[in-house]
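Understanding the architecture of this molecule
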Amino acid sequence: MPSTSPRHRRVALPLAAALLVPTATACSSGGAGGSGAPGGDQRLKVAMAFPPAQAMSPYGDDAVTLSRLAVVEGLTGLDKNGDAKPALATAWKRDGDLAWEFTLRKAAFQDGTQVDAAAVVRSLAAARKASPKPRVLSDTTLTATAEGADTVRVTTKAADPLLPQRLANPSLAVLSAAAYKGNGKVDPAGHATGPFTLAQVNGAVSATLERNGTYWGAKAKAPGIDVKFVADGTARANALRTKDVDIAEYVPISQAALLGDNLVHEFPTARTSGLSLNTERGVFANPAMRAAAREAIDSKTLADGVYEGRADTAQGLLGPGVRWAADLRTAPTGRAKAATPAEVAKTKEIVLATYTNRPELPEAATVVQQQLEKRGFTVKQVVRDYAQMEADALGGKFDAFLQARNTLLDTADPLSYLASDFTCDGSFNISQLCAKPVDTAVSKAASLAGTDARHRAEMTAEAAILGADALVPLVHERFIQGYDDARVEGVALDPMERTLLTADTRIG
């Protein structure tokens, strides 16, 4: 999910279409679900928005799904402020600029084998060698070595003050030896450490999870989870309304008023919807045309109309969900003078693309198309499922790509987002931007251990990116999760999108 997650992210985020029919089991470790399973009506029934795109591999956007379902864990987790907290590691300390040491807790994998330093080393090495490389590793190289059975030493080629937060990313989850099948394939089913065990995945249709009875922490209060993957937002809302599911993630804005306040839970996020402009080829290779596109966009119209007031008008790359950003924001630098409407009218047709998996985006694309056409652009829309268009977007085949991206998804700090999306070597650089001021600011931020100094460098990078008009921010999103708060307890409303279900989630 583009985070692009897109989700990745998601997000953010490659996604399969809703209610596809593949029924072959993608990964299985036994176990059954449904209302006839032990626990009966105490089992949680959940409608997830994003079907698996990589058979639940932790190295793509399926990692976020695994995290949201409380299946996988890494050495660290994140608290509500985005700071690292203990998970499989109980403590850590920095040893010089390039190394950290992590002390492991006593824990077991879901298949009964023990978590030890060798398992952590194996998991981090597999993530480092994965293809494509997980986004969280796009701006760093790390090597893990065992220092005894319960101590892991992690070194990086360059100073990485965010390493503890980075290791909380679900793509760096620790799995048992049996998860690694060869040829780069990884099966987390029954081989992770979280409070729920992934028992079965039925293609892009459904999944079954069972309580992990050997979990190192508080045991899950629900006996299991029955998941349906439903990409259509209206269908998710209808399933919640008819009590076919207990929890429906990412309720569309259009359905929120229909569901009522007791089923709708809205909260701020770090997700920005933006228009990535292709800086390398086509009409928007010309900075004056990018500036004209930026001037054409009316964020308030989008926030009030498409998002029905459930989004904030664009402030920059980082919105209200990143609390410190507004106080440190500086004006964009180096902006070109916008082309006139007459100059714009002489350009060739531009291709504006977005995806169907987030229901607001196609509607937002239509409004953006109208705004661009009012400025003089000739616009053709391409709207498909995200999984069918990510490769083209990353390959620079569109002139403009409208996406929703969680700016804190990778490390709970925007550094990874800035590096992956806007630097010359970025692995998620849809705008194809390569600009020295941006790379310099991001590199400086990566070298800074002090949080305030790093944030200031990140905002310098934001100013340079906005100055290049590589991305035009549209709105800052709020999320809506659906559940009956009189019946369901313990649902996590996480601005960073990593957590939905926890050991505490249950039927009340």
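As a starting point, this report considers the structure included with it.

Cut-offs and rules
- Residues numbered from 1 in each chain as written.
- Predicted model: local features only at pLDDT ≥ 70, side-chain atom pairs only at ≥ 80, totals over all residues.
- Heavy atoms only, no water.
- Buried < 20%, exposed > 50% of the residue type's maximum accessible area, 1.4 Å probe, protein only.
- Helix = DSSP H or I, 4+ residues; strand = E, 2+ residues; numbered from the N terminus.
- Pairing = 2+ DSSP bridges.
- Right-handed = clockwise from strand over helix to strand, strands pointing away.
- Disulfide = S-S within 2.5 Å.
- Axes fitted to C-alpha atoms, helices over the stretch in contact; angles between N-to-C directions.
- Parallel < 35°, antiparallel > 145°, perpendicular 65-115°, else oblique.
- Left-handed = near helix turned anticlockwise from the far one by under 90°.
- Contact = heavy atoms within 4.5 Å.
- Nonpolar A, V, L, I, M, F, W, Y, C, P; charged D, E, K, R; others polar.
- Salt bridge = Lys/Arg side-chain N within 4 Å of Asp/Glu carboxyl O.
- 1 Å grid on protein atoms, 1.4 Å probe; cavity = no way out; pocket = protein on both sides within 12 Å on 5 of 7 lines; lining within 4 Å.
- Points joined across faces, edges and corners; volume = space filled by probe spheres on them.

1. Structural notes on the pairing of strand β17 (residues 350-355)
- Across the six residues that make up β17, a large majority, six, are buried.
- Burial of β17 is two-sided: the residues Ile 350, Leu 352 and Thr 354 facing one way and the residues Val 351, Ala 353 and Tyr 355 facing the other way are all buried.
- Judged from the six bridges that link them, β17 and strand β18 (residues 379-384) form a sheet pairing that is parallel. Paired with Leu 352 across the bridge in β18 is Gln 381.
- The parallel pair β17 and β18 is bridged by helix α10 (residues 360-375), and the resulting crossover is right-handed.
- Summarising the sheet, β17 and strand β19 (residues 400-406) pair through two bridges and their orientation is parallel. Residue Ala 353 lies in a different strand from β19, and its bridge partner there is Phe 401.

2. Quick notes on the state of the cysteines
- Across all of its chains, the model carries one disulfide by this definition.
- Sulfur-sulfur distance for the disulfide between Cys 424 and Cys 434 comes to 1.9 Å. Residues Cys 424 and Cys 434 share a disulfide whose torsion about the S-S bond is about 95°; that sign makes it right-handed. Residue Cys 424 is found in the loop between α12 (415-422) and α13 (436-447), and its partner Cys 434 is found in the loop between α12 and α13; the two are separated by 10 residues along the sequence.
- Here Cys 434 falls in the exposed class, since its relative accessible area comes to 54%.

3. A few points about the packing of helix α6 (residues 287-296) against α10
- Where α6 contacts α10, the axes come no closer than 9 Å and their chain directions differ by 120°. One finds that α6 runs oblique with respect to α10. In terms of crossing hand, the pair formed by α6 and α10 is right-handed. Seen from α6, the contacting residues are Ala 292, Ala 293, Glu 295 and Ala 296; seen from α10, they are Gln 371, Leu 372 and Arg 375.
- Of the residues in the contact of α6 with α10, the class split is four nonpolar, one polar and two charged.

4. Quick word on the pattern of salt bridges
- Tallied over the full model, the rule gives 28 salt bridges.
- With its nearest N and O atoms 2.8 Å apart, the salt bridge here joins Arg 153 to Asp 95. Taken together, the positions of Arg 153 in strand β8 (residues 151-156) and Asp 95 in strand β5 (residues 89-95) put the pair 58 residues apart, joining distant regions of the chain.
- Accessibility expressed as a relative area gives 40% for Asp 95, which makes it partly exposed.
- When the shortest N-O distance is used, the salt bridge between Asp 410 and Arg 135 registers 3.8 Å. With Asp 410 in the loop between β19 and α12 and Arg 135 in the loop between α2 (117-129) and β7 (142-146), the pair connects residues that are 275 residues apart, well separated along the chain.
- What you see here is one network of salt bridges that share partners, running through Lys 221, Glu 489, Asp 504 and Arg 506.

5. Thoughts on empty space enclosed by the protein
- Put simply, the largest cavity is a space of about 150 Å³.
- Along its surface, the largest cavity is lined by 16 residues, and Val 251, Arg 358, Glu 360, Glu 477 and Phe 479 are the ones closest to its centre.
- Residue contributions to the lining of the largest cavity peak at four residues, all from strand β20 (residues 471-483).
- Class assignment of the residues belonging to the lining of the largest cavity gives a composition of nine nonpolar, one polar and six charged.

6. What to know about the sheet that holds strand β6 (residues 99-104)
- The strand order β5-β6-β8-β7 describes an open sheet built from four strands, whose pairing is antiparallel. Across the chains shown, the open sheet's two edge strands, defined by having one partner strand only, are β5 and β7. Within the sheet, the average angular offset between the axes of one strand and its neighbour, ignoring direction, is 20°.
- Here β7 pairs with β8 via five bridges, running antiparallel. The partner of Thr 145 across the bridge, within β8, is Arg 153.
- Sitting on the sheet, α2 touches β6, β7 and β8, and the angle it makes with β7 is about 160°.

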